[in-house]
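The lines below spell out each chain.
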Amino acid sequence: MSVGIKIKNAVKRYGNNTVIHNLSLRVQNGEFFTLLGPSGCGKTTLLRMIAGFNSIEDGRFYFNDTLINDMDPGKRNIGMVFQNYAIFPHMTVRQNVAFGLKNRKIPRDEIAVETQKFLKLVKIDEFADRMPDALSGGQQQRVALARALVIRPDVLLMDEPLSNLDAKLRVEMRTVIKEIQRNVGITTIYVTHDQEEAMAVSDRIAVMNAGVIQHVGTPKNIYQRPANLFVATFIGRSNILKAHLEPEGEGCALIFANGYRVHMDNVRPEERYARDVLVSARPEELLLGEDGAQAEGLRAVIDDSVFLGLNTHFFMTDENGEPIETIQESSIGSMPGCGSRVCLRVNVEKINLFSEDGSANLLTGVKNDLNAGEE
């Protein structure tokens, strides 16, 4: 049986250093939920608080309606998969997977059946009698996953489980983990600093920075309408441009330093007043055209380009000496080369606008479940 998780006003301190600040969060039953953020942001600390491995200085943690703050970790019925797998080197694959069931005094016949079932589920049954040192990294990760799931935990906690694998194997294993999680239907909290990995596996993501959750939402919500500038720059790549906003008809005019002007009708009504703003334009949201006297857009000079097959990545410098990156679909014909002067137009539907300090997105459509844990 999986459970929903509620965290209300959690605080974690180490001496005088507060690493989790009054954090509230709600994870739905059966959800694949990811804690994403840079190293040192508090995501592993929070995971260990849920597991019972770290003390809780303040706040309340619930599995469904059961308060778990003072519950022994062994009674929380959690499965854990660590970065280093923590597989017992002196046991076979089968013995590793059966370990948790033996500790729970499950009958021998039932242990055999359940162990074989989960060996097949993660597709390592053919290696059941091998020792861990005879397995690849991906196979060892499958052993760790089977061992965590065979005890039928209420919650599966995964801490950077793919960071020790090579790039190709990480892509393969994140697909495996997501498929197994869907099949089993277990509530899963996954910790990573890898944005692409988080986007690929998650139902929802919480982006953390310095012990504070910045944005909670689906991968699509967070990528397309980030709550603030930190989220916009941490999730994927983004060009940050300065501009001025002015009311215009039923919307606003966005005016760049060189006079390039576009109309935006998706600025929130309460934000439609004259002000300086920051524009977040991802590389694919800047449209590349030839420079010319009549062309409207941002002027830039191409410094370098990288052909990536389907797309070509351009590195440029704008009129103010600031770097700009764009990604364009590669054409069969010639593409502009180094030293070419180009004109860039923004994709008005996709760019994001932030307050001058970067603390808030000014557009409609921002969906942030940040306060769900406070209900």
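Look up a bit, the structure's there.
Residues numbered from 1 in each chain as written. Predicted model: local features only at pLDDT ≥ 70, side-chain atom pairs only at ≥ 80, totals over all residues. Heavy atoms only, no water.

Peer 1: Pulling in residues and values, what's your account of the overall build of the protein chain?
Peer 2: Of regular secondary structure, the protein chain possesses eight helices and 20 strands. Each principal axis of the C-alpha atoms in the protein chain carries an extent, and together these give about 80 × 50 × 35 Å. Split into buried and exposed, the 375 residues of the protein chain put 50% on the buried side. Here the analysis covers contacts within the protein chain between residues at least 6 apart in sequence; of these, 67% occur between residues at least 24 apart. Carbon together with sulfur atoms contributes 48% to the accessible area of the protein chain, which is approximately 17,800 Å² in total. Distance between charge centres in the protein chain, computed from 42 positive and 48 negative side chains, equals 8 Å. (Helix = DSSP H or I, 4+ residues; strand = E, 2+ residues; numbered from the N terminus. Buried < 20%, exposed > 50% of the residue type's maximum accessible area, 1.4 Å probe, protein only. Contact = heavy atoms within 4.5 Å. Areas by Shrake-Rupley, 256 points an atom, 1.4 Å probe, with all protein chains shown as cover. Lys, Arg positive; Asp, Glu negative; His and termini not counted. Charge placed at Lys NZ, Arg CZ, Asp CG, Glu CD.)

Peer 1: I'd like to hear about the nonpolar core, residue by residue, with values.
Peer 2: Counting residues in hydrophobic clusters, the biggest one holds 36 residues, and the most contacted among them are L145 and L156. Elements supplying a minimum of two residues to this core: α2 (93-103), α3 (108-121), α4 (137-150), β7 (155-159) and α5 (167-184). Discounting chain neighbours no more than four positions away, the residues touching L156 are G79, M80, V81, L145, A148, L149, I186, T187, T188 and I189. Counting residues in hydrophobic clusters, the runner-up holds 31 residues, among them V3, M49, I50 and V191. (Core = buried A, V, L, I, M, F, W, Y, C linked by side-chain atoms within 4.5 Å.)

Peer 1: Describe the side chain of T312, naming the residues involved and giving the relevant values.
Peer 2: Position of T312 relative to the elements: it lies in strand β17 (residues 311-318). At 2.8 Å, the side chain of T312 and the side chain of S330 are in polar contact. Setting aside its immediate chain neighbours within four residues, T312 contacts S305, V306, F307, T326, I327, Q328, S330 and M335. (Polar contact = N/O pair within 3.5 Å; in protein donor to acceptor, adjacent residues only side chain to side chain.)

Peer 1: Please provide a residue-by-residue account of the packing of aromatic side chains, values included.
Peer 2: One pass over the full model with this rule turns up four aromatic pairs. Geometrically, the ring pair formed by F88 and F99 is tilted, given 4.7 Å between the ring centres and 55° between the ring planes. Residue F88 is found in the loop between β6 (78-81) and α2, and its partner F99 is found in helix α2; the two are separated by eleven residues along the sequence. Residue F99 is classed as partly exposed on the basis of its relative accessible area, which comes to 28%. Where F256 meets Y260, the ring centres are 5.5 Å apart and the plane angle is 15°; that geometry is what we call stacked. Here F256 falls in the buried class, since its relative accessible area comes to 4%. We note K6 situated over the ring of Y62; from NZ or CZ to the ring centre the distance is 5.2 Å. Sitting over the face of the ring of Y223, R282 holds its NZ or CZ atom 4.0 Å from the ring centroid. (Phe/Tyr/Trp six-rings, centres within 6.5 Å; stacked < 30°, edge-to-face > 60°. Lys NZ or Arg CZ within 6 Å of the ring centre and 35° of its normal.)

That is the geometry; function is a separate question.
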